[in-house]
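Remarks on the overall topology
For reference, the chains in residue letters:
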Amino acid sequence: NGKINNTTEFTTIGARWQYMGDGFTSHTLLSSLEINENLALFDADFYVKAKSNLYKLYHESVFDLDKHQIMLGAELVDNRVPVDVKVIQKPENDFQAPVSRQDILELHKTFIAKSYVGFIQDTYKIKKNHTFRYGIRAWKTDFQNFSIGIDPRVSYVNDYSNDLSF
């Protein structure tokens, strides 16, 4: 039976601090996102219940210096996902015995992933409609085997009009 029942609920709570001064802006965001997921497939022979809690702290400071705009920032994320899964393995054909307790697989586990990000970038205004942006983003996570990384960033933008950029 291909019946699917799914419900998703989420709650977001956050606080933001922002400062705007001459040549300097800064903002910090502290947030919590909770997602409740209940999924049942095939008349509840298979179900997944998960409650994800994502806690985040983000900060960004921007310095306006003549033709340069320097941005420094950091992001800290803590993601916790307790999962409750039940799978009933049905017989492969009509001649096998009915489902027994050994045919029921269950998982009750909380997955935790933390990540830390730092970045710096410069947006250089070459001319009125020509911009060169470069920077670097470094990150560390304990999610699976991703560990640490560094991502360089480079882009050039030519604004042909208010509505068209390449």
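What counts and how
- Residues numbered from 1 in each chain as written.
- Predicted model: local features only at pLDDT ≥ 70, side-chain atom pairs only at ≥ 80, totals over all residues.
- Heavy atoms only, no water.
- Helix = DSSP H or I, 4+ residues; strand = E, 2+ residues; numbered from the N terminus.
- Buried < 20%, exposed > 50% of the residue type's maximum accessible area, 1.4 Å probe, protein only.
- Salt bridge = Lys/Arg side-chain N within 4 Å of Asp/Glu carboxyl O.
- Patch = residues over 30% accessible without salt bridge, like charges linked within 9 Å, V, L, I, M, F, W, Y side chains within 5 Å.
- Areas by Shrake-Rupley, 256 points an atom, 1.4 Å probe, with all protein chains shown as cover.
- Core = buried A, V, L, I, M, F, W, Y, C linked by side-chain atoms within 4.5 Å.
- Contact = heavy atoms within 4.5 Å.
- Pairing = 2+ DSSP bridges.
- Polar contact = N/O pair within 3.5 Å; in protein donor to acceptor, adjacent residues only side chain to side chain.

**Thoughts on the environment of F146**
Tracing the chain through its elements places F146 in the loop between β6 (130–141) and β7 (148–158). The exposure class assigned to F146 is partly exposed, which follows from its relative accessible area of 48%.

**Looking at the pattern of salt bridges**
Once their charged atoms are close, side chains differing in charge can pair, the charge on each being opposite to the other. Evaluated as defined, the whole model comprises four salt bridges. Ionic pairing is found between K51 and E34, a salt bridge with its closest N-O pair at 3.7 Å. Of this pair, K51 sits in strand β3 (residues 46–65) while E34 sits in strand β2 (residues 24–41), and the two are 17 residues apart along the sequence. Judged by its relative accessible area of 34%, K51 is partly exposed. A salt bridge links R80 to D78; the shortest N-O distance between them is 2.8 Å. A network of salt bridges, in which partner residues are shared, links D78, R80 and K114.

**Structural notes on a nonpolar patch on the surface**
A cluster of nonpolar side chains, I126, F132, Y134, V154 and Y156, forms an exposed patch at the surface whose accessible area comes to about 460 Å². When contributions to the nonpolar patch are tallied by element, the ones reaching two or more residues are β6 and β7. Summarising the element assignment, I126 is placed in strand β5 (residues 104–127). When its relative accessible area of 34% is taken as the criterion, I126 is described as partly exposed.

**A closer look at the nonpolar core**
Residues Y58, V62, M71, V117 and F119 constitute the largest nonpolar core, which totals five residues. Elements represented by at least two residues in this core include exactly β3 and β5. In this structure, Y58 is in contact with H27, T28, L29, A74, E75 and F119, ignoring residues within four places of it in sequence.

**Focus: the pairing of β6**
Regular strands show a simple pattern: their side chains alternate between the two faces of the sheet. Bridge analysis of β5 against β6 gives twelve bridges, and the strand direction is antiparallel. Bridging from a neighbouring strand, K125 pairs with T131 of β6. The hairpin turn running from β5 into β6, its antiparallel successor, is two residues long. As paired strands, β6 and β7 are joined by eleven bridges and run antiparallel to one another. Opposite A138, over in β7, you have I150 as the bridge partner. The antiparallel pairing of β6 with β7 creates a hairpin that spans six residues between the two strands, and Q144 there sits at a positive phi of about 50°.

**Quick notes on the environment of K109**
Looking at where K109 falls in the secondary structure, it is placed in strand β5. The exposure class assigned to K109 is partly exposed, which follows from its relative accessible area of 44%. Linking K109 and V83, residues 26 residues apart in sequence, is a C-alpha distance of 5.4 Å. Setting aside its immediate chain neighbours within four residues, K109 contacts V81, P82 and V83.

**A few points about the environment of K86**
Following the sequence through the fold, K86 ends up in strand β4 (residues 68–88). For the pair K86 and Y47, spaced 39 residues apart in sequence, the C-alpha to C-alpha distance is 5.5 Å.

**Regarding unusual backbone geometry**
Here D66, not a glycine, exhibits a phi torsion of approximately 50°, which is positive. For D66, the position within the fold is in the loop between β3 and β4.

**A closer look at the side chain of N158**
Among the secondary structure elements, N158 is positioned in strand β7. On the basis of relative accessible area, N158 is assigned to the buried category, the value being 12%. Here Y160 takes part through its side chain, which lies 3.4 Å from a polar atom of the side chain of N158.

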